[in-house]
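Here's the letter readout for the chains.
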Amino acid sequence: MNTQDQTVQAEFSPDMFRRCLGEYGTGVTVITTSVEGELYGMTSNSFASVSLDPPLVLWSIRRESTSFAAFETCEHFAVNILSEAQVDLSQRFAKSGPGKFEGVDWAEGIGGAPLIDGVVASFQCRSHTAYDGGDHLILIGEVLACDRAHRQPLMFSKGRYAVPVDHPDTKVFATPDTPGPTLLNEQLLSLMLVRAYSVVAQRLEEGRRTAGLGLSLMQARLLKAIQMFPDRTLEDLLPEVLGDVDSALVNLSALEAADLASVDGVGRIRLTSAGMARLHNLVDHTLESERLLFKDVPAKDIETVQRVLTSIIASGRTMA
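Everything numeric here is computed off the predicted structure, so don't read it as measured data.

J.: Would you mind showing me how to read the nonpolar core here?
T.: Generally speaking, soluble globular proteins have nonpolar side chains that are buried together. Among the nonpolar cores identified, the biggest contains 20 residues, and Leu 222, Leu 223, Ile 226, Leu 237, Leu 255 and Ile 269 are the most heavily contacted of them. Among the secondary structure elements, those contributing two or more residues to this core are helix H5 (217-228), helix H6 (234-241), helix H7 (245-257), strand S14 (269-271) and helix H8 (273-293). Broken down by element, this core gets its largest block of residues, five residues, from H5. With sequence-adjacent residues up to four places away left out, Ile 269 is seen in contact with Ile 226, Pro 230, Asp 231, Arg 232, Thr 233, Leu 234, Leu 237, Leu 252, Ala 261, Ser 262 and Val 263. Listed in part, the 19 residues of the second largest apolar core include Tyr 40, Ile 81, Cys 125 and Leu 137.

Right, here's the structure in full:
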């Protein structure tokens, strides 16, 4: 069919715009600074390179962010690119409020900006230029120093966390970044949990699409979080959905558009009756999918995993 003379009528709406942006996979960073001795940090996936000569990078911040004034006026900031083992840090710094750096290992960088331990790479920047970007401010930094480590980066795509995997068409040509046996990484329980989650999530996502349930994995997670913690705000629910504010807003908008959730005038979220019914369908489908996925795993091993994971979740639960 000759389509040269045909015009594609693309849909545009704020919700569609957010969804399309979510298709672009990125790394995950925590941007940090220090202003008059007070530390600030926030999760961002808007980081990008600008120029090699001079060395410039950029990121953007929402004007409604509680840290906006600090980053707008700071003289220096640091970009910390998170590793695949730092999902917890991404969630911690995605929330607003004090105490973000409590219990976090970091070193003081140029201008006092915190350099977080365990990251893939870091850039220490002097604030260079700021540009208006609608509801965001685009901040360009001149890189004064940078460093990297032999770790795998944390990724974010389609509203959920991910880990990098070689494409099957190019894997044969890949060369290891570090010498020595790569199986040493498998001894790290935190990395094994992240990778196992990625495998299971992918299988469940495929099953949901096949069954025509109409929700992504992260939308399903948000639906469950709303049911578990009704009348909470989206910010309250962020630790439960493993995402940042922007992706969570996209998913919430989708649930509202499908009449599965409602938000009152002060931001409290509840499931609708249709949302509760859809959640029951999702749970039933997930239980059946898990039964098939783990059918070759002994029941005693499943019970052990459930007990360990329940203990881990309980130790980190912050929502009353």
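J.: Even after reading the chapter, I still don't get the side chain of Thr 26, so can you show me in this structure?
T.: In this structure, Thr 26 sits in strand S1 (residues 26-27). The class for Thr 26 is buried, based on a relative accessible area of 11%. Here the side chain of Thr 26 touches Asn 45 through a polar contact of 3.4 Å, side chain to side chain. Ignoring any residue separated from it by four or fewer positions in sequence, one finds Thr 26 in contact with Asn 45, Leu 154, Met 155 and Phe 156.

J.: Would you explain the sheet that holds strand S10 (residues 136-148) in this entry?
T.: In spatial order, the strands read S3-S2-S6-S9-S10-S5-S4; together these seven strands make up an open sheet with antiparallel pairing. Only two strands of the sheet have a single partner each, and these edge strands are strand S3 (38-44) and strand S4 (48-51). Strand after strand, the sheet turns through a mean of 35 degrees between neighbouring axes, direction not considered. Relative to strand S9 (residues 121-133), strand S6 (residues 76-81) is paired through six bridges, and the arrangement is antiparallel. Of the residues in S9, the one forming a bridge with Asn 80 is Ser 122. Against the sheet, helix H3 (residues 87-94) touches strand S2 (29-35) and S3, its axis set at about 115 degrees to S3.

J.: What is the right way to look at the pairing of strand S5 (residues 56-62) in this model?
T.: A regular strand places its side chains on the two faces of the sheet in alternate fashion. The buried fraction of S5 is high, at five of seven residues. Bridge count between S4 and S5: three bridges; the pairing is antiparallel. Residue pairing across strands places Ser 51 opposite Leu 56, the latter belonging to S5. Taking the residues that link successive antiparallel strands as the turn, the S4-S5 hairpin has four residues. Bridge count for S5 against S10 is seven bridges, and the pairing is antiparallel. Residue pairing for S10: Leu 56 is matched across the bridge by Glu 142.

J.: How should I be thinking about the packing of H5 against H7 in this particular structure?
T.: Think of two packed helices as two axes; the pair is described by the angle between the axes and how far apart they sit. Packing of H5 against H7 leaves a shortest axis separation of 9 Å and a crossing angle of 75 degrees. Classified by the interaxial angle, the pair formed by H5 and H7 is roughly perpendicular. Note on element contacts: H7 touches H5 through Ala 248, Asn 251, Leu 252, Ala 254 and Leu 255, opposite Met 218, Gln 219, Leu 222, Leu 223 and Ile 226. Classifying every residue of the contact of H5 with H7 by side-chain character gives eight nonpolar, two polar and no charged.

J.: Before we go on, may I ask you to explain the pattern of salt bridges in this structure?
T.: When the charged atoms of two side chains lie near each other, side chains of opposite charge can form a pair. Within this structure, the stated rule accounts for nine salt bridges. One salt bridge connects Arg 62 with Glu 64, and the closest N-O pair in it is separated by 3.9 Å. Take Arg 62: its relative accessible area is 27%, and that puts it in the partly exposed class. Given the relative accessible area of 69%, Glu 64 is considered exposed. For Glu 288, the salt bridge is made with Arg 291, and the minimal N-O distance between the two is 2.6 Å. In this pair, Glu 288 and Arg 291 both sit in helix H8, three residues apart, roughly one turn of the helix. In this structure Glu 288 comes out as partly exposed when scored by relative accessible area, which is 36%.

Criteria and thresholds
- Residues numbered from 1 in each chain as written.
- Predicted model: local features only at pLDDT ≥ 70, side-chain atom pairs only at ≥ 80, totals over all residues.
- Heavy atoms only, no water.
- Core = buried A, V, L, I, M, F, W, Y, C linked by side-chain atoms within 4.5 Å.
- Buried < 20%, exposed > 50% of the residue type's maximum accessible area, 1.4 Å probe, protein only.
- Helix = DSSP H or I, 4+ residues; strand = E, 2+ residues; numbered from the N terminus.
- Contact = heavy atoms within 4.5 Å.
- Polar contact = N/O pair within 3.5 Å; in protein donor to acceptor, adjacent residues only side chain to side chain.
- Pairing = 2+ DSSP bridges.
- Axes fitted to C-alpha atoms, helices over the stretch in contact; angles between N-to-C directions.
- Parallel < 35°, antiparallel > 145°, perpendicular 65-115°, else oblique.
- Nonpolar A, V, L, I, M, F, W, Y, C, P; charged D, E, K, R; others polar.
- Salt bridge = Lys/Arg side-chain N within 4 Å of Asp/Glu carboxyl O.

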